[in-house]
Amino acid sequence: MLWDVFCRVVDNWGDIGVCWRLACDLAQRGEQVRLWTDDASALAWMAPDGHPAVTVLPWPDDGDRGEPGAVVLETFGCELPRNFVAAIADASSARDQKPLWINLEYLSAEPYVERSHRLPSPVHGGPGAGLTRWYFYPGFTGRTGGLLRESDLATRQARFDRGAWRTRHGIAPDARTIALFCYEPPALPGWLDALAAQTRSRLLVTPGRAAAAVQAWEQKKYGENPIFLNQVACGQLSIQYLPPCSQISFDELLWASDFNCVRGEDSLARALWAGQPLLWHLYPQHDNAHHAKLDAFLDWLDAPPRLRRLHHAWNGVTNDPIQPQMLDAGEWQSWRECVRAARARLLAQDDLVSQLFRFVQEKR
Ligand code: TRH
């Protein structure tokens, strides 16, 4: 089948990141995909090799009508171009099998997700009047659309040579390694202070906002004009700034690290698959809607009390200081067990693309 995936990049990398993974997952299962986006720039490093069955196209112009594929995926409420909606309406009356119009929503563990997943949303106005759009919600339970999990993920992960990766990155096999991908977590300076004071660790900092936040801390702590080398030693902490890498390499970073700080949507799912202790920074919302979203996730994760407290401080829900035990190896072990138990629950459920296939089959 031909799938049209529409993606508007609002902010950061998650919009295009999720859409690219989804497109590749569909393509790997034999589908043809057109990925329409208003900003494909991040794909240059996220997916430098592309995929032969995925065509990346610019957001259609107003005059562009096109011929819709069998399934049209509008992601994160990005609002399809009017003319494309008109083309769906035309194709719906002309073809035996109408194009299926699905709105793929944001990931959350909140209860509304199970209630809203697979609901129809009749279109009342505009060129699509009379059509039906279907809500499809990713999620963490069997009554949601699940998470993206490519069919070859487990094999890739099993084949991954952690030791060789660490050697390539100049990291001793037994060094405690932390991957940092975040925005500007309120508790970051306190957490870095604690790491610098207490435990020998290697911090692998992803580019962009995470790197800027760590550099701001360094500047404050170690002087106004520090020279930022690729690797900096701050007390017990050695900091390594990473260049942007492909999604495939990003997965490997999470597999190689002992602790994963992640953010947004896609990297959270990948950290769950990595099965290491994780710390999630949610995309901050003005009305603090992310607080309820965080608690719903922590409930689903069955997070131990101290991991919960760390998440609350990391996301600015509380002003609690970082406790030494939050960096303790024994504590991390219990957090690892918690994440692995959650991963096992997820593995017992169908992945998002398998569920999409079933949904499409059912509705067509
Ligand atoms: O970039 P994000 O913060 O995106 C967020 C979320 O999608 C959120 O839901 C949305 O509301 C907000 O943007 C506007 O985090 P996320 O979702 O983890 O996406 C990051 C992507 O970038 C992910 O696919 C991994 C990829 N990545 C790489 O491939 N290489 C890299 O070097 C890095 C740092 C990231």
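It should be noted that the structure appears before, not after, this text.
Attention in this report is confined to the structure presented alongside it.

Its boundaries defined by the atoms lining it, the largest pocket holds a volume of some 790 Å³. Every residue lining the largest pocket is counted, 39 residues in all, and those nearest its centre are Gly14, Tyr183, Arg263, Gly264 and Glu265. Contributions of two or more residues to the lining of the largest pocket are made by α1 (14-28), α2 (43-46), α9 (247-256), α10 (266-274) and α11 (289-301). Among the elements that line the lining of the largest pocket, the one with the most residues is α1, at 5 residues.

As enumerated under the stated definition, the model contains 21 salt bridges in all. Ionic pairing is found between Asp251 and Arg156, a salt bridge with its closest N-O pair at 3.1 Å. Taken together, the residues span a long stretch of sequence, with Asp251 in helix α9 and Arg156 in helix α5 (residues 153-159) at a distance of 95 residues. Judged by relative accessible area, which is 22%, Arg156 ranks as partly exposed. Residues participating in the shared-partner salt-bridge network are Arg21, Glu150, Arg156, Asp251, Asp266 and Arg270.

Here we take up the pairing of strand β9 (residues 201-205). Among the 5 residues that make up β9, 5 are buried, leaving the element largely enclosed by the rest of the structure. Across 5 bridges, strand β8 (residues 176-180) lies against β9 in parallel orientation. Residue pairing in the sheet places Arg176 in a bridge with Ser201 of β9. A crossover links β8 with its parallel partner β9, the connecting element being helix α7 (residues 188-198), and its sense is right-handed. Bridge count for β9 against strand β11 (residues 237-241) is 5 bridges, and the pairing is parallel. From the neighbouring strand, Arg202 faces β11, where its bridge partner is Ser238.

On to the side chain of Glu265, then. Tracing the chain through its elements places Glu265 in the loop between β12 (259-263) and α10. At 5.2 Å, Lys293 is the nearest oppositely charged side chain to Glu265, a buried residue that forms no salt bridge. If sequence neighbours within four positions are ignored, Glu265 has contacts with Val18, Phe76, Glu105, Tyr106 and Leu107.

Among the structural elements, Arg270 can be located in helix α10. Judged by its relative accessible area of 2%, Arg270 is buried.

A few words now on helix α8 (residues 209-222). Within an α-helix, residues lying three or four positions from one another point in the same direction, as the helix has 3.6 residues per turn. Helix length check: α8, at 14 residues, gives a terminal C-alpha distance of 20 Å against a target of 20 Å (1.5 Å per residue), a fit within 8%. Among all positions in α8, only Ala210, Ala211, Ala213, Val214, Trp217 and Glu218 are buried. Projected down its long axis, α8 shows its buried positions confined to an angular sector of 165 degrees, all on one face. Of the residues trailing α8, Gly223 is marked for its positive phi of about 125 degrees.

In the vicinity of the ligand there are 22 residues, among which Tyr183, Cys245, Arg263, Asp266 and Ser267 approach most closely. Gly14 places a polar main-chain atom, nitrogen or oxygen, 2.9 Å from an oxygen atom of the ligand. In the model, an oxygen atom of the ligand is placed 2.9 Å from a nitrogen or oxygen of the Glu265 main chain. For the ligand, the cavity whose grid points lie within 2 Å of the majority of its atoms is the largest pocket. When residues of the shell around the ligand are assigned to domains, at least three fall in each of domain 1 (2-146 + 350-363) and domain 2 (153-347).

Definitions and cut-offs
Residues numbered from 1 in each chain as written. Predicted model: local features only at pLDDT ≥ 70, side-chain atom pairs only at ≥ 80, totals over all residues. Heavy atoms only, no water. 1 Å grid on protein atoms, 1.4 Å probe; cavity = no way out; pocket = protein on both sides within 12 Å on 5 of 7 lines; lining within 4 Å. Points joined across faces, edges and corners; volume = space filled by probe spheres on them. Helix = DSSP H or I, 4+ residues; strand = E, 2+ residues; numbered from the N terminus. Salt bridge = Lys/Arg side-chain N within 4 Å of Asp/Glu carboxyl O. Buried < 20%, exposed > 50% of the residue type's maximum accessible area, 1.4 Å probe, protein only. Pairing = 2+ DSSP bridges. Right-handed = clockwise from strand over helix to strand, strands pointing away. Lys, Arg positive; Asp, Glu negative; His and termini not counted. Contact = heavy atoms within 4.5 Å. Expected span 1.5 Å × (residues − 1). Arc of directions from axis to C-beta. Near = heavy atom within 4 Å. Polar contact = N/O pair within 3.5 Å; in protein donor to acceptor, adjacent residues only side chain to side chain. Sits in = over half its atoms within 2 Å of the grid points. Domains from an automatic or database assignment.

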